[in-house]
Amino acid sequence: MNWSHRISQVLDNQLYAVGQGALAVECREGDTRTIELLSRIHHRPTAICCVAERAFLAGMEGGCSVPIGVRSNLNDGVLSLRGAVYSLDGEQCIEEELSVPVAVESSGEASSPHYAFIVPDSGSQRHHWQLARSLGEQLSAKLIANGANEILANIPRP
């Protein structure tokens, strides 16, 4: 769109809600024609980041109304995940970051079976999904060990 001249500031280090900005598309299980079409827009690095983020959120037992922030990226074969939990008044914050090596190609291909509602890659790439999930689980455990539960205990939940 040639609007780059309109950008006055880049917010490249901010935390965001889990999965914010990621696009997910569903189709019928076994619909190989649609799965093949969707495989062309599948972006493996984004999907892997989403798995890590969702595992972190699940480990924190969080949801839409809980002040939890996250930031993930997959650069140069390293998956990094930063997460934080905040008190409602903003006075308390526990933030941590972990990384794990994950060599990933950017092209995607869909196959079976489903993993966290994502159709994972087959063969040698499959372990990336487990690494991403484990990273999210480890990060939530680290925040909990550092006192995140005390902050979360004071947050009313629906």
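The residue numbering used here restarts from 1 in each chain and proceeds along that chain's sequence as written. Per-residue local features of the predicted model are confined to residues with pLDDT of at least 70, and side-chain atom pairs are confined, for both listing and counting, to 80 or more; whole-chain, interface and lining totals are unaffected and use all residues. To get the side-chain values, take all heavy atoms of the structure and skip hydrogens and water.

(A) View of the sheet that holds strand S3 (residues 93-101). Taken in spatial order, the three strands line up as S1-S2-S3 in an open sheet, and their pairing is antiparallel. Single-partner strands in this sheet number two, and they are strand S1 (68-75) and S3. Strand-to-strand twist of the sheet, defined as the mean angle between neighbouring strand axes without regard to direction, takes the value 10°. Note on pairing: DSSP must find at least two bridges between two strands before they are called paired. We count a stretch as a helix when DSSP gives it H or I for four or more residues in a row; a strand needs E for two or more, and each element gets its number in order from the N terminus. Pairing between S1 and strand S2 (residues 78-86): eight bridges, direction antiparallel. Each bridged residue has a counterpart across the sheet, and for Asn-75 the counterpart in S2 is Val-78. Relative to S1, helix H2 (residues 44-59) is tilted by about 150°, and along the sheet it contacts S1 and S2. Each axis is a line fitted through C-alpha atoms, taken for helices only over the stretch in contact, and angles between the N-to-C directions span 0 to 180 degrees. Only heavy atoms enter the contact rule, under which two residues are in contact if any of them lie within 4.5 Å.

(B) Focus on the packing of H2 against helix H3 (residues 127-145). Where H2 meets H3, the axes come as close as 7 Å, and the angle between the chain directions of the two elements is 35°. The way H2 lies across H3 gives a crossing that is right-handed. Taken together, the residues of H3 that come into contact with H2 (itself represented by Ala-47, Ile-48, Val-51, Ala-52, Ala-55, Phe-56 and Gly-59) are His-128, Trp-129, Ala-132, Arg-133, Gly-136, Glu-137, Leu-139, Ser-140, Leu-143 and Ile-144. Each residue gets one of three labels, nonpolar for Ala, Val, Leu, Ile, Met, Phe, Trp, Tyr, Cys and Pro, charged for Asp, Glu, Lys and Arg, and polar for the others, Gly among them. The residue makeup of the contact of H2 with H3, split by class, is eleven nonpolar, four polar and two charged. Throughout, a crossing is termed right-handed when the near helix is turned clockwise from the far one, and left-handed when it is turned anticlockwise from it by less than a right angle.

So, to be careful, I would describe these as geometric facts and stop short of saying anything about function.
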